[in-house]
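Topology and contacts: notes
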Amino acid sequence: MGQVLVLNASYEPLNVTSVRRAHVLVFKGKAEVLEELDQQLHSATDTYPWPHVIRLVTYVKVPRAVQRKISRRALFARDGWKCVYCGQNGGRLTLDHVVPRSRGGESVWENVVTSCAPCNLRKGDRLLHEVSMVLHRQPRPPQPVLFIKLAAPKIPNGWMQYLPDLAAETAA
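The subject of this paragraph is the layout of surface pockets. Put simply, the largest pocket is a space of about 160 Å³. As for the largest pocket, its lining consists of Arg 78, Asp 79, Arg 137, Gln 138, Pro 139, Arg 140, Pro 141, Pro 142, Gln 143 and Leu 146. Of the residues contributing to the lining of the largest pocket, the split by class is 4 nonpolar, 2 polar and 4 charged.

Written out as structure tokens, the structure is:
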């Protein structure tokens, strides 16, 4: 249990951090402990609560996912580990630009998708209508909860009340 959920002052989930970093934020007065574990942190002279969920005291403007760097892992997770063209979830997955970079397409969340190797090879550097391909789902910036799921694949029960998007997703 070395991970702590970090919430903004507005209770919006921001990130996952280490217990040490969370304790430093609390100790400096930049965050408060909302949930703690039964165990405690010990220093040479004091005992502190073991943070499990912390909330920043002042609001931090959140860099939206649009500005977050694209990684293959985040992209594949956003697309459900499936090819957006054929829906296949097995085989070798690749990153594909819907509008190819050679045609002015940018490397932004709205222009990159998960593609299986055969679909990516078939599409090449052409536009979708040129090869009669369609997207099964429009690419969008991922929700912030995706990055929390990637940082902590096993979400502790104590975090669920602060992650409504994830709670709704697991209930469905």
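Having seen the structure, we can now continue with the description.
Within the largest apolar cluster, 13 residues are counted, with the highest numbers of intra-cluster contacts made by Ile 54 and Leu 56. Looking at this core, the elements with two or more residues in it are β1 (3-7), α1 (19-27), β3 (31-42) and β4 (47-56). With residues near it in sequence (within four places) discarded, Leu 56 still touches Val 6, Leu 7, Asn 8, Ala 9, Leu 14, Leu 25, Lys 30 and Ala 31.

Attention now moves to the pattern of salt bridges. Considering all chains together, one arrives at 5 salt bridges under this definition. Taking the shortest distance from any N to any O, the salt bridge between Glu 32 and Arg 55 comes out at 2.6 Å. Of this pair, Glu 32 sits in strand β3 while Arg 55 sits in strand β4, and the two are 23 residues apart along the sequence. Take Arg 55: its relative accessible area is 14%, and that puts it in the buried class. Between Lys 123 and Asp 96 there is a salt bridge, and its shortest N-O distance comes to 3.5 Å. Separated by 27 residues along the polypeptide, Lys 123 in helix α3 (residues 117-123) and Asp 96 in strand β5 (residues 93-97) bring together distant segments of the chain. Classification of Asp 96 by relative accessible area gives buried; the value is 4%.

So, about the sheet that holds β1. What the 4 strands build is an open sheet, ordered β2-β1-β4-β3; its pairing is mixed. Two strands lie at the open edges of the sheet, namely β2 (13-18) and β3, each paired on one side alone. Each neighbouring strand pair of the sheet contributes to a mean axis angle of 35 degrees, computed without reference to strand direction. Where helix α4 (residues 144-151) meets the sheet, its contacts fall on β1 and β2, and the angle it forms with β2 comes to roughly 20 degrees.

Cut-offs and rules
- Numbering of residues starts from 1 in every chain and runs along the sequence as written.
- Residues qualify for local features only when their pLDDT is at least 70, as the model is predicted, and side-chain atom pairs are given and counted only at 80 or more; totals for whole chains, interfaces and linings, by contrast, use all residues.
- Side-chain numbers come from the whole structure's heavy atoms, not from hydrogens or water.
- Cavity means a closed set of points on a 1 Å grid over the protein atoms alone, one where a 1.4 Å probe fits but cannot get out, pocket means an open set with protein on both sides within 12 Å along at least 5 of 7 lines, and lining means a residue has an atom within 4 Å of a point.
- Grid points are joined across faces, edges and corners, and a volume is the space filled by probe spheres set on the points.
- Side-chain classes follow a simple rule in which Ala, Val, Leu, Ile, Met, Phe, Trp, Tyr, Cys and Pro form the nonpolar group, Asp, Glu, Lys and Arg form the charged group, and the remainder, Gly included, forms the polar group.
- Here the nonpolar core consists of buried residues drawn from Ala, Val, Leu, Ile, Met, Phe, Trp, Tyr and Cys, with membership extended through side-chain atoms lying within 4.5 Å.
- Note on exposure labels: buried denotes an accessible area under 20% of the residue type's maximum, exposed denotes more than 50%, and partly exposed covers the range between, all computed with a 1.4 Å probe on protein chains only.
- Helix and strand definitions here come from DSSP, where helices need a minimum of 4 consecutive H or I residues and strands a minimum of 2 consecutive E residues; each element is numbered from the N-terminal end.
- Contact criterion: two residues are considered in contact whenever any of their non-hydrogen atoms come within 4.5 Å of each other.
- Only one rule defines a salt bridge in this text: a Lys or Arg side-chain nitrogen within 4 Å of an Asp or Glu carboxyl oxygen.
- The pairing criterion is simple: DSSP has to find at least two bridges between the two strands.
- Axis definition: a line fit to C-alpha positions, over the contact stretch in the case of helices; interaxial angles, taken between N-to-C directions, run 0 to 180 degrees.

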